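# Residue-level structure breakdown
Listed below, chain by chain, are the residues.
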Number of protein chains: 4
Amino acid sequence: MTIRALVWGENVHEQKNKVVADLYPDGIHGCIADALNAADGISATTATLQDDEHGLTEKRLSATDVLLWWGHAAHGDVSDQVVDRVARHVLGGMGLIVLHSGHFSKIFKALMGTPCNLTWREAGERERLWLAARNHPIAAGLPDHFELENEEMYGEPFGIPEPLETVFISWFQGGEVFRSGVTYKRGAGNVFYFRPGHETYPTYYDANVRRVLCNAVRWAHNPAARIVDVYDAPNVPVENALEPIVARGPKLHEDGGDGFR
Amino acid sequence: MTIRALVWGENVHEQKNKVVADLYPDGIHGCIADALNAADGISATTATLQDDEHGLTEKRLSATDVLLWWGHAAHGDVSDQVVDRVARHVLGGMGLIVLHSGHFSKIFKALMGTPCNLTWREAGERERLWLAARNHPIAAGLPDHFELENEEMYGEPFGIPEPLETVFISWFQGGEVFRSGVTYKRGAGNVFYFRPGHETYPTYYDANVRRVLCNAVRWAHNPAARIVDVYDAPNVPVENALEPIVARGPKLHEDGGDGFR
Amino acid sequence: MTIRALVWGENVHEQKNKVVADLYPDGIHGCIADALNAADGISATTATLQDDEHGLTEKRLSATDVLLWWGHAAHGDVSDQVVDRVARHVLGGMGLIVLHSGHFSKIFKALMGTPCNLTWREAGERERLWLAARNHPIAAGLPDHFELENEEMYGEPFGIPEPLETVFISWFQGGEVFRSGVTYKRGAGNVFYFRPGHETYPTYYDANVRRVLCNAVRWAHNPAARIVDVYDAPNVPVENALEPIVARGPKLHEDGGDGFR
Amino acid sequence: MTIRALVWGENVHEQKNKVVADLYPDGIHGCIADALNAADGISATTATLQDDEHGLTEKRLSATDVLLWWGHAAHGDVSDQVVDRVARHVLGGMGLIVLHSGHFSKIFKALMGTPCNLTWREAGERERLWLAARNHPIAAGLPDHFELENEEMYGEPFGIPEPLETVFISWFQGGEVFRSGVTYKRGAGNVFYFRPGHETYPTYYDANVRRVLCNAVRWAHNPAARIVDVYDAPNVPVENALEPIVARGPKLHEDGGDGFR
């Protein structure tokens, strides 16, 4: 079974900044999709902010197993309606991988329920990612640590809920640390945040980073059918109770009614 | 040190439904505040939906250690601006206790990042709460289980993230179970959801329920000064790095700039 | 790739109790292995307490991807040396599924670090398992609840650490609840505890139970190579530090030494 | 209410190594007890490996709210019987704070169920601890980071179960990172591991470290009465079931019997 990945790119820096355009001529999303398509069992396509409905239509998301999200300069330009749609699909079982500056994307903040803030510095300093969870599927084939010679620094405290698992922790040359790979489950959807990926460095060409992305797509994939009624709160009429009961006491609702929301 | 609790009540059923009005003549919020005020070291006041800014002004929240939230029929009438303000205070360290149908409140859904949905039945059936975490501070002084003879049923699956701790699990006469007491941390704020409390039953007069509420207020209280910059993402200029580094490689940002959001 | 499952059965009741012997003529382990062998991609064999080294030799465990454990009457007869060996393989990446009364097995208690105790009653009462984590891989293909008409009761509080995920919660006819399906990670090994399976009832012939077991084997399987040095604490000599440092201050150890344990 | 802390010191290096003896003339345990006794509401005493029953008699533990544990060279000399006794008290509600090389103590490994291994280097290098959980009670009054100019390095992967909360993460000059402050609950007992504290450096005189220790004692203190039956698994006779049931099906046990272990 081939996993259908969709790489969403904001595609703003690539159009406006020569450094980024030269580094990622097909866009950051294009580079990431190439990495995924080179892996067994993954088929990746792309969508961008500039596409109709940002390329994230109901039809497209329904045909997506795992969505990857890179954004930075234009989080506010992403339509709330599209964010709600993406959230519904994640809750229904679509995997979501949030990359680097996507920590401030509407979709990540909405699913975390926290500010997702951090400290940062753009100095092209050395980052070393350490594995905190040996043999985690997202780290398959990786050594206990790997380096990126030039990266932006993100520092703790990172404003996220306690992760389900902490997979990577980064060391920075300038003296900071950061939880660089963390997992969550939201509804039926697996969510992974992965820190590296500043647009002015060739991070997405790094073999270890590409391996993490491929592993993460496989990890995030939930093969079960997408749940559609993710917000339903069904009433169970008294006569359908699994154990026979007789209604007692004063009532507010009619049987089988909709309830308040 | 006295803990300053604020009990927020939607105060709609109390005005429109004779059963509820007779049961809670001072409002559900009034009954809960009475329970808290009878405990050592807690001083409780109330606010309602109908108050200016729902009674949740910046000044009021700044003087609140723990907020309790009961709502049901009018979640949609709560102003988004007030919800954002409450969220900011929780992230900064204010405790939050969400009660019963408050599972569908804007504030709880926003902090969880999930639908918080469930199945339900209003049949006045027996609920038995079991302690899953012995000697948890929220369960101080409680037996391993206690019963509420008449309650609304809430059933699994409950659409929440994995809790930090599962304190109570309910058994229902009609055959369902429910994670009735769960803890979370969001930013510096402790969050507790407690299931019982349907408005047509005398749940908030129950001695065990009142004990849980008092315990939960003490547990949720974070005595540290409220954090005010909960959304900040400060830039660390290269020259201020804790370890001496020299900026390398291409840059997108000016030093000390604001970054994108 | 076929997952190699090994079903370990204590095989005591099957030899001594006519009810159990009639119900499980090939042993409980044999019945479970049959269920697994009927599934795609799983190949199951069995081992018992009475085998040499309980059938859990180094060679056998090295060729096992996922171990299932059913024991009840003879936990104390399992050799500590074998328990240590099993623990080492779990920490190195072998999956472990602990069944029913295996909550009191030496291996489960050792990996949990807690008593794993509970309340219990053998009355052939109805158990209903509710799904708390929709679309969890262990629940693939299952409805939101399923029933076992006759089961032993296990009740909370269950003396385990907070699970990574709570997959199932049971309702019992006599009034109790129980966290019936919980996941953990220990080292590189995935661990799942599944409650049902009292020896005097035909639980392991139940289609839903068999589906859970097959799903759990797939979930617990870690395809990475088994880690062998699970207890190592390597010294990193100063001259091999990833960043150049100069040793300072008084020392207790020789460079490259073994350290204390 | 005064919290009764007991600081357990191995007291081996202090007797055999001049550097350590000069640095900690009253023992590492003595220095830590001094720090605690200088704090409001804490009363600390000490015990050592050389004391009868290592100073950890039933009577002493019964009068202890929080136990702190420093050991390094002689983990193997601690009697298994005493370790079992300490574990029983932790499960019953006694707080436990494990310090530095105590990661390899029998009690910590037993409660974690994992190897608790790590990489290490004794080079007197700089350690910087970052706060990952803002306003956590254990970090009360601390800045977002603090430094220890000379410390032993401990590096990831750290062989522990996923923590309940990650409070501190360390940066090391030589290029490693480490989860330096992690919380767990085991039974009714709160457990905190805190990394710094190599015996040849003056770490336990550092004001920030001393503050963490005092905070941690307050956090770990569970004021509820110690649970004594931490290993019990009581049978609930059919006639005492909370909901009326009639025993059905074949049975293995006599009513009210002890069950197997």
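Just so you know, these numbers come straight off a predicted model, no measurement behind them.

What counts, and at which threshold
Residues numbered from 1 in each chain as written. Chains lettered and ligands numbered in written order. Predicted model: local features only at pLDDT ≥ 70, side-chain atom pairs only at ≥ 80, totals over all residues. Heavy atoms only, no water. Helix = DSSP H or I, 4+ residues; strand = E, 2+ residues; numbered from the N terminus. Buried < 20%, exposed > 50% of the residue type's maximum accessible area, 1.4 Å probe, protein only. Contact = heavy atoms within 4.5 Å. Areas by Shrake-Rupley, 256 points an atom, 1.4 Å probe, with all protein chains shown as cover. Lys, Arg positive; Asp, Glu negative; His and termini not counted. Charge placed at Lys NZ, Arg CZ, Asp CG, Glu CD. Buried area = accessible area lost by both parts, 1.4 Å probe. Salt bridge = Lys/Arg side-chain N within 4 Å of Asp/Glu carboxyl O. Polar contact = N/O pair within 3.5 Å; in protein donor to acceptor, adjacent residues only side chain to side chain. pLDDT = per-residue confidence, 0-100. Pairing = 2+ DSSP bridges. Right-handed = clockwise from strand over helix to strand, strands pointing away. Phe/Tyr/Trp six-rings, centres within 6.5 Å; stacked < 30°, edge-to-face > 60°. Lys NZ or Arg CZ within 6 Å of the ring centre and 35° of its normal. Least-squares fit on C-alpha atoms with pLDDT ≥ 70 in both. Axes fitted to C-alpha atoms, helices over the stretch in contact; angles between N-to-C directions. Parallel < 35°, antiparallel > 145°, perpendicular 65-115°, else oblique. Left-handed = near helix turned anticlockwise from the far one by under 90°. Nonpolar A, V, L, I, M, F, W, Y, C, P; charged D, E, K, R; others polar.

Here we take up the overall build of chain A. Helix and strand content of chain A: 7 helices and 9 strands. With the principal axes as the frame, chain A shows a C-alpha extent of 70 × 40 × 35 Å. The buried share among the 261 residues of chain A stands at 66%. Relative to all contacts within chain A whose residues are 6 or more apart in sequence, the contacts with residues 24 or more apart total 71%. Carbon and sulfur atoms make up 49% of the accessible area of chain A, which totals about 8,600 Å². Each charge class in chain A was averaged separately, 24 positive and 35 negative side chains, and the resulting centres sit 2 Å apart.

It is worth spelling out the interface of chain B and chain D at this point. Counting residues at the interface gives 23 residues for chain B, matched by 23 residues for chain D. Taken together, both faces of the contact between chain B and chain D bury some 1,800 Å²; the carbon and sulfur share is 47%. For the interface between chain B and chain D, the tally reads 6 salt bridges. We note a salt bridge from E243 of chain D to R126 of chain B, for which the minimum N-O separation is 2.7 Å. Looking at the side of chain B that touches chain D, the elements that each hand over two or more residues are β5 (119-131), β6 (145-155) and β7 (165-172) of chain B.

To continue, consider the pattern of salt bridges. For the structure on display, the rule yields 64 salt bridges over all chains. We note a salt bridge from D65 of chain A to R4 of chain A, for which the minimum N-O separation is 3.0 Å. In this pair, D65 of chain A is assigned in the loop between α4 (58-62) and β3 (66-70) and R4 of chain A in strand β1 (residues 3-9), connecting sequence segments 61 residues apart. Residue R4 of chain A is classed as partly exposed on the basis of its relative accessible area, which comes to 37%. A salt bridge links E149 of chain B to R248 of chain A; the shortest N-O distance between them is 2.9 Å. Here E149 of chain B, found in strand β6, pairs with R248 of chain A, found in the segment after α7 (207-220), and the two come from separate chains. What you see here is one network of salt bridges that share partners, running through R126, R128, E147 and E149 of chain A, R248 of chain B together with E243 of chain C.

Before going further, it helps to examine the interface of chain C and chain D. At the junction of the two partners, chain C supplies 69 residues and chain D supplies 69 residues. Carbon and sulfur atoms make up 59% of the surface buried where chain C meets chain D, a total of about 5,200 Å² over both sides. Considering only the side of chain C, the residues that lose the most area to chain D are W120, R248 and L252 of chain C, jointly responsible for 15% of the buried surface there. Linking chain C with chain D are 28 residue pairs in polar contact (both at pLDDT 80 or more), by the criterion used here. Of all the secondary structure elements, the ones that give two or more residues to the side of chain C that touches chain D are α2 (18-23), α6 (106-112), β5 (119-131) and β6 (145-155) of chain C.

On to the confidence of the model for chain A. Of all residues in chain A, 98% attain a pLDDT of 70 or more, and the chain-wide mean is 96. Complex prediction metrics read pTM 0.97 and ipTM 0.95.

What follows covers the pairing of strand β4 (residues 95-99) of chain A. Residues and elements named next belong to chain A. Counting buried positions along β4 gives 5 out of 5 residues, so the element sits mostly inside the fold. What you see with β4 is no split at all: G95, I97 and L99 on one side and L96 and V98 on the other are buried throughout. Bridging between β3 and β4 involves 5 bridges; their strand directions are parallel. Its bridge partner being in β4, W69 is matched across the sheet by V98. Between the parallel elements β3 and β4, the chain passes through helix α5 (residues 80-92) in a crossover that is right-handed.

All right, on to the packing of aromatic side chains then. Inspection of the entire model under this criterion finds 46 aromatic pairs over all chains. Ring geometry for Y24 of chain C against Y205 of chain C: centres 5.3 Å apart, planes inclined by 5 degrees, an arrangement best described as stacked. One end of the pair, Y24 of chain C, is in the loop between α2 and α3 (27-37); the other, Y205 of chain C, is in the loop between β9 (189-194) and α7 (207-220), and 181 residues separate them in sequence. Here the aromatic residues F108, Y154, F158, F178 and Y193 of chain A are joined through ring pairs into a cluster of three or more. R195 of chain C extends its terminal NZ or CZ atom over the ring of Y154 of chain C, reaching a point 4.9 Å from the ring centre. A cation over an aromatic ring shows up here: R128 of chain D above the ring of W171 of chain D, its NZ or CZ 4.8 Å from the ring centre.

Of the two same-sequence chains, chain C is brought onto chain D (RMSD 0.0 Å, axial shift 0.0 Å) by a rotation of 180 degrees. The superposition operator between the copies reduces to a two-fold rotation axis. Closest approach to the rotation axis within chain C is made by the C-alpha atom of G113 of chain C, at a distance of 2.5 Å. In this assembly, 100% of the residues forming the interface of chain C have copies in chain D that are likewise at the interface, indicating an isologous arrangement.

All names here are of chain C. Here we have 9 strands laid out as an open sheet, ordered β2-β1-β3-β4-β9-β8-β7-β5-β6, and mixed in their pairing. Each edge of the open sheet is held by one strand with a lone partner, namely β2 (42-48) and β6. The average angle at which neighbouring strand axes cross in this sheet is 25 degrees, direction not considered. The pairing of strand β1 (residues 3-9) with β2 spans 7 bridges and is parallel. The residue bridging I3 from the neighbouring strand is I42, located in β2. Contacting β3 (66-70), β4 (95-99), β8 (177-186) and β9, helix α5 (residues 80-92) runs over the sheet at an angle of about 115 degrees to β9. Contacting β1, β2, β3, β4, β6, β7 (165-172), β8 and β9, α7 runs over the sheet at an angle of about 165 degrees to β9.

Structurally, W69 of chain B can be placed in strand β3 (residues 66-70). Between the alpha carbons of W69 of chain B and I169 of chain B there is a distance of 20 Å; along the sequence they are 100 residues apart.

Between chain B and chain D, which share one sequence, the superposing operator has a rotation angle of 180 degrees and an axial displacement of 0.0 Å; the RMSD is 0.0 Å. Both copies contact each other with a shared surface, as 100% of the interface residues of chain B are interface residues in chain D too.

As a further point, take the environment of N190 of chain C. Residues and elements named next belong to chain C. By the element assignment, N190 lies in strand β9. Judged by its relative accessible area of 15%, N190 falls in the buried class. Between the C-alpha atom of N190 and that of L96, which follows or precedes it by 94 residues, the distance is 6.4 Å. When neighbours within four sequence positions are excluded, N190 is seen to be in contact with M94, G95, L96, Y184, K185, W219, A220 and N222.

It is worth spelling out the packing of helix α3 (residues 27-37) of chain D against helix α7 (residues 207-220) of chain D at this point. All names here are of chain D. Relative orientation of the contacting elements α3 and α7 amounts to 70 degrees, with a least axis distance of 9 Å. When the axes of α3 and α7 are compared, the pair comes out roughly perpendicular. As for the relative orientation of α3 and α7, their crossing is right-handed in sense. On α7, the residues that touch C31, I32, D34, A35 and L36 of α3 are R210, L213, C214 and V217. Residues that form the contact of α3 with α7 fall into these classes: 7 nonpolar, no polar and 2 charged.

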